Amino acid sequence: MSKLGQVVESIENYNKFVLDQVKRARTDKQFGRELLGRWNDTKAKIPVTRTPTGVPLPRLALPEIDEPGEIARYLFGEGLPGEFPFLNGAYREMYLEPIREVESFEKNGETVAAGVSPAKSSKARQPLPQAEEPTRLFSGLMLAEDTNERFHYLTRHQRTHRLSTAFDGPTLYGIDSDADGVFGKIGEGGVAIDTVEDMVRLYDGFDLGSPNFSASMTISGPAPVIMAMYIAAAKRRFGPKVIPKLRGTIQADIFKEVQAQNETIFPIEASLRFLTDMVEFTTQEMPRWYPISISGYHIGEAGSTPVQQAAYTLSNGFAYAEMFAARGIPVDQFGPRLSFFLDCGLDAEYIALARVSRRIWAIGMRDVFGAGPRAQLFKLHTQTSGRSLIAAEFKNNLTRTAAELVLAYMNATNSCHSNSADEPFTTPSEEWIRLAAHGQAILLEESGIFRHTMNMLSGSPGMKAVERAVEAAILDEFREIERLGGVLAAVEDRYQRSQIQNAAHRYEQQIYNGTRPIIGLNRYRDGDNDIPEVKLARTPRKKQQLQVDRLAKFKKTNADKAKRALDKLADVVGRGENCFPALLEAAEVCSLGQITGRLQEVVGRFRPMV
């Protein structure tokens, strides 16, 4: 039985354990009293906060139960927020506004403070320390300085700077901007990054070592090279002591590339080796960095069902954990550095998809891999569904994204990106990307849905029904992957890819036959088929030529150093050693295309399986 098979067994055994605890609580009077005492003690210690209108609310909402069996079912089957198996959240508190020493509200025109005289209520008006916003802002367009300008625009009103970077096509494939046939693609759909100098420009003006800054880079095939360039850029600006302070994540998920997105540049085994080399280095040297974001978002965007997205993402995650452990990296070192990325659409499964994923991951990591509490956490970034955005009557996309944001935060995501309404046409404009960011601010700061109470929307009968159905379906997918020999064998058999393609075909059929309603497209359309006038974001030829000229100058300046660095890199790879330190050296003087080209000479190129 592979590790994935053991995970299935561990989930089944844990569910039996929960039922046993329920029965024990109902038959063992002492155990039942202990649970009831713990429950009552927990409830008694929950602080009370007040809404702006003065309504008192508990800071944590718990079900009104006093029967020991149901208490056992909640505590062991779900867990309090921040407690195993983390169904209700990875952390004890998320999104909540800071608790005030004095809760005050307006009544009959006067400020009234609970438990103190009105004269002392001014304390409530003092500014309070704010937690980090979960909003992550995503951008990538034209050249590095253009994306940098957009980053500064987006973060103008953010306390913390959490930036996600989209790269152009040549960069995603590890190709230089001066390669044959790519000129017109430079800076299109993402930012062009060829050298460490571009990386310096990209994050200019941001304090990369600050605890209030984190960078996320959406790239997988050449991820170790881009990661090395990011480190090199940080060292140029802040010196080598900044390396342990760097905070963020790089996607680096090779399995999802083969299964869904196609941006794979080395053979699978070599890709996984380079990834593990990077993970080994960053785990030791960069304790605040997440060296892989195990990504279901692109699986979902390729057409999978929500269950397939979660099942393939989780199984990929367990496969990476097995691979890193086999390298000799302790699970409690790499486990806390794993992160996940799911989309959030409008299907019913999204009511509980992330909640269930968090529970499965925690149980599997604890019981199969022996992980401690920090390595059990399913740390999740969510992006609203790009596939749900429709060009027809595209302003409806604002409503779609708003509904998806509610679902994402109901699932206690750790960070979130909201898509822009104009994305079916172009790279988002400033107007629409600002509205997308404000959607999250309205939900988290202006509304009271999440800012006063944890578990505000959790635990409804419908949510529980979805949880049970989704967990059962994910385990069925695990069993099929296990039958095929595990994740890598299933990938080589094209199992995940074929299932995603089948699901995508069904999805399109449902749209065209009307069984999947899309408002403004196949239902309630006003008859106007005209495409709206939307300004397209295009990279001017002058900018594209500037990128090529800069690259030529960099290559000429560093020609001798680049040759020595590439020779050393090839030698290290050939000897089977960890190549990431040599990559760091090469990133200082070599372009992205030079590095990937030389690596391909040593390990070969990716060839799609037929």
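My aim in this report is to walk through the structure given alongside it, one point at a time. (Residues numbered from 1 in each chain as written. Predicted model: local features only at pLDDT ≥ 70, side-chain atom pairs only at ≥ 80, totals over all residues. Heavy atoms only, no water.)

## Section: helix 16 (residues 461–483)
Between the first and last C-alpha of helix 16 there are 34 Å, a value that for 23 residues agrees with the 33 Å anticipated at 1.5 Å per step. Considered for burial, the residues of helix 16 that qualify are M463, K464, V466, E467, V470, E471, I474, L475, E477, F478 and I481. Looking at the buried residues of helix 16, the elements they touch are helix 1 (3–27), helix 11 (306–327), helix 13 (353–367), helix 14 (397–410), helix 17 (487–492) and helix 18 (495–513). G485 lies just past helix 16 and shows a positive phi near 110°. (Helix = DSSP H or I, 4+ residues; strand = E, 2+ residues; numbered from the N terminus. Expected span 1.5 Å × (residues − 1). Buried < 20%, exposed > 50% of the residue type's maximum accessible area, 1.4 Å probe, protein only. Contact = heavy atoms within 4.5 Å.)

## What to know about the sheet that holds strand 10 (residues 292–295)
If you trace the four strands from one edge of the open sheet to the other, you get 10-11-12-13, paired in parallel fashion. What marks the edges here is a single partner per strand, and that holds for strand 10 and strand 13 (415–417). Within the sheet, the average angular offset between the axes of one strand and its neighbour, ignoring direction, is 25°. Where strand 11 (residues 338–344) meets strand 12 (residues 380–384), five bridges bridge the pair, whose relative direction is parallel. Paired with F340 across the bridge in strand 12 is L380. (Pairing = 2+ DSSP bridges. Axes fitted to C-alpha atoms, helices over the stretch in contact; angles between N-to-C directions.)

## As for the layout of surface pockets
As a volume, the second largest pocket reaches approximately 710 Å³. In this structure, the second largest pocket is lined by 25 residues; those nearest its centre are R73, G77, E78, K464 and E467. Among the elements of the structure, helix 1, helix 3 (68–77), helix 13 and helix 16 are those that each provide at least two residues to the lining of the second largest pocket. Residues belonging to the lining of the second largest pocket are distributed by class as follows: 10 nonpolar, six polar and nine charged. (1 Å grid on protein atoms, 1.4 Å probe; cavity = no way out; pocket = protein on both sides within 12 Å on 5 of 7 lines; lining within 4 Å. Points joined across faces, edges and corners; volume = space filled by probe spheres on them. Nonpolar A, V, L, I, M, F, W, Y, C, P; charged D, E, K, R; others polar.)

## Notes on the sheet that holds strand 5 (residues 137–139)
Here we have five strands laid out as an open sheet, ordered 5-6-7-8-9, and parallel in their pairing. On the outer flanks of this sheet lie strand 5 and strand 9 (289–290), each paired with one strand and no other. Looking at chain direction, strand 7 (residues 213–218) and strand 8 (residues 248–250) are connected through three bridges and run parallel. Directly across from M217, in strand 8, lies its bridge partner I250. Docked against the sheet, helix 4 (residues 144–154) engages strand 5 and strand 6 (161–166), running at close to 160° with respect to strand 5.

## What about the nonpolar core?
Among the nonpolar cores identified, the biggest contains 155 residues, and Y230 and F478 are the most heavily contacted of them. In terms of residue count, helix 7 (residues 223–238) provides more of this core than any other element does, 11 residues in total. Those residues in contact with F478, other than ones at most four positions away along the chain, are L4, V7, V8, A311, L314, S315, F318 and I360. (Core = buried A, V, L, I, M, F, W, Y, C linked by side-chain atoms within 4.5 Å.)

## Here's the deal with the pattern of salt bridges
Applying the stated criterion across every chain yields a total of 36 salt bridges. One salt-bridge network, held together by shared partners, links R26, E67, E70 and R73. (Salt bridge = Lys/Arg side-chain N within 4 Å of Asp/Glu carboxyl O.)

## Topic: the side chain of T264
Structurally, T264 can be placed in the loop between helix 8 (254–261) and helix 9 (268–285). Beyond its immediate chain neighbours, meaning those up to four positions away, T264 contacts E257, V258, S271 and F606.

## Let's talk about the packing of aromatic side chains
Within a pair of aromatic rings, the relevant descriptors are the distance that separates the centres and the angle that separates the planes. Scanning the model with the defined rule gives 27 aromatic pairs in all. Measuring from centroid to centroid gives 5.0 Å for F281 and F580, while their planes differ by 45°, and the two rings are tilted. With a gap of 299 residues between them, F281 in helix 9 and F580 in helix 21 (residues 580–589) connect regions that are remote in the sequence. On the accessibility criterion, F281 (15% relative accessible area) is buried. (Phe/Tyr/Trp six-rings, centres within 6.5 Å; stacked < 30°, edge-to-face > 60°.)

## Here's the deal with unusual backbone geometry
In this structure, the amide linkage connecting F84 to the following residue, P85, adopts the cis form with an omega of 5°. Here A412, not a glycine, exhibits a phi torsion of approximately 60°, which is positive. If you trace the backbone, A412 turns up in the loop between helix 14 and strand 13.

## Examining the packing of helix 2 (residues 29–44) against helix 3
Following both chains from N to C, one finds helix 2 and helix 3 inclined at 65°, their axes separated by 9 Å at the closest point. Every pair of crossing elements has a handedness; the one defined by helix 2 and helix 3 is left-handed. The residues of helix 3 that touch helix 2, namely those facing F31, G32, L35, L36, R38 and W39, are P68, I71, A72, Y74, L75 and F76. Here the residues of the contact of helix 2 with helix 3 are counted per class, giving 10 nonpolar, one polar and one charged. (Left-handed = near helix turned anticlockwise from the far one by under 90°.)

All quantities given are derived from atomic positions and should not be read as evidence of function.
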